[in-house]
Amino acid sequence: MSRIVFTCGDINGIGPEIALKALNKISSKNKKKQFILIIPQNVFETTSELVIPKFDYKVNNEKELKSHNSTQVLVLTIKSSKQSYGKPTIESGNAAYTALKTSFELLNKDLADAIVTAPVSKTALNLAGIKYPGQTEMFADWCGVKNFVMTFLSDKLRVGLYSIHIPLKDVSNSLNSKELRIKLEIVTSTLKKDLGITKPKIAVLGLNPHAGENGIIGKEEKTLIEPVLKQKIFNGIVEGPFSSDAFFANRRFKNYDMVFGFYHDQVLIPFKFINSGNGVNFSAGLPIIRTSPDHGVAYDIAGKGIADESSMIEAYKYAEIIFKHRKTKPALK
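To start, this report covers the structure provided alongside it. Residue numbers here run from 1 along each chain, matching the order of that chain's written sequence. Local features in this predicted model are restricted to residues whose pLDDT is 70 or higher, and side-chain atom pairs enter the listing and the counts only when it is 80 or higher, whereas totals over whole chains, interfaces and linings include all residues. Calculated side-chain values reflect all of the structure's heavy atoms, with hydrogen atoms and water omitted.

### Remarks on the packing of helix H1 (residues 15-29) against helix H2 (residues 41-50)
Condition: To obtain each axis, a line is fitted to C-alpha atoms, and for helices this fit is confined to the stretch in contact; angles are then taken between N-to-C directions over 0 to 180 degrees. Each helix is a run of DSSP H or I of at least 4 residues and each strand a run of E of at least 2, with the numbering of both proceeding from the N terminus. Less than a right angle of anticlockwise turn of the near helix away from the far helix marks a crossing as left-handed, whereas a clockwise turn marks it as right-handed. Every residue pair with non-hydrogen atoms within 4.5 Å of one another is taken to be in contact.
Where H1 meets H2, the axes come as close as 10 Å, and the angle between the chain directions of the two elements is 65 degrees. Where H1 crosses over H2, the two elements pack in a sense that is right-handed. Residues Pro16, Glu17 and Leu20 of H1 pack against Val43, Phe44, Thr47, Ser48 and Leu50 of H2.

### Structural notes on the side chain of Ser48
Heads up, the condition is: Counting of polar contacts relies on pairs of N or O atoms within 3.5 Å, with two restrictions inside protein: one atom must be capable of donating a hydrogen and the other of accepting it, and residues adjacent in sequence are counted only when both atoms are side-chain atoms.
With respect to the helices and strands, the residue Ser48 is situated in helix H2. Within the structure, the side chain of Ser48 is placed 2.7 Å from the backbone oxygen of Phe44, a separation counted as a polar contact. Each residue touching Ser48, except ones within four places of it in the same chain, is listed here: Leu20 and Pro53.

### A look at unusual backbone geometry
In this structure, Pro241 follows Gly240 across a cis peptide bond, with omega equal to 0 degrees. Secondary-structure assignment places Pro241 in strand S9 (residues 238-242). In this structure, Asp110 takes a positive phi of about 60 degrees despite not being glycine. Its place among the elements puts Asp110 in the loop between helix H4 (90-108) and strand S5 (114-117).

### So, helix H11 (residues 264-275)
As a reminder, the rule being used: One less than the number of residues in a helix, times 1.5 Å, gives the span that helix is expected to have. Only protein chains enter the accessibility calculation, which uses a 1.4 Å probe; a residue is then buried when its area is under 20% of its type maximum, exposed when over 50%, and partly exposed in between. Each C-beta atom gives one direction from the helix axis, and the arc is the one those directions make.
End to end, H11 covers 16 Å across twelve residues, agreeing with the expected 16 Å (1.5 Å per residue, within 8%). When H11 is considered as a whole, its buried residues turn out to be Gln266, Val267, Leu268, Pro270, Phe271, Ile274 and Asn275. Down the axis of H11, the buried set is contained in an arc of 165 degrees. They therefore lie on one face. For H11, the exposed residues set more than 90 degrees away from the buried face come down to Ile269 and Phe273. Against the buried residues of H11 lie strand S6 (149-153), strand S7 (159-161), strand S8 (202-205), helix H10 (244-249), strand S10 (258-261) and strand S11 (280-284). After H11 finishes, the residue Ser276 shows a positive phi value of roughly 50 degrees.

So this is what it looks like as structure tokens:
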């Protein structure tokens, strides 16, 4: 039986709210399962007034987690932090980071099986002196993994990214054949081992408009992308490169298990448009399971009790799916 950790995310955003809302719904359908929520105690108390917990819970410290008692939700409290709804602060950055680090340590100690992380603010993390560009890169570093892919999952569309949080002007210079091959191998493995798709089909988009138009608009497709796609290892699995606009306009993504793009907005604009906040972020290529909602901290509605927890629930569902497909848990760093 799995034991899933939920983190609070940025305490000034909707993270604590959607975590409690999600746990209310998930726990009611999984009464024999146990969950862990990592959150500052004062924030848990404040959020519990906004979203009344409907589950059986006990506030614990880490030592008590080892007993695997029968309480449905174990609230693992971290240092109390000043909460200021609607804006990034040093305190919210530190609280988010501490929750994330604590969640990883629980997996490393075999006290949990997967992590569902609420949204964090890169600005708040930066204010707190934490220089990771995102949660994906954070967990990859802690796992000691250099090769990974940020993916987004849903029933309607799955996408993977070559680059993640870098300026658009740097994307072309970041491309190289070895890295592209590794990332395509990672998404192929994820589809097979994590999602149970035995014969995956992956569509690769072009970097340039019209996929370079035979080298007229850009050379990357001809000189770098196509040679990798033609490698024997990808026969029958990978196709492309496709012109992004025509590919999505003609809804060709329905014919593939994954669409692989080269920069953030190339695949995330169509993904979020199609899924309307119900998608899931999954860090592929790591020995741990970490999923997250596909949206941000939503400072504009924080503390109002109106946040939609749908994507958080979907993140939990995918964490369970991936956990079930992985037969063994590789050792961590």
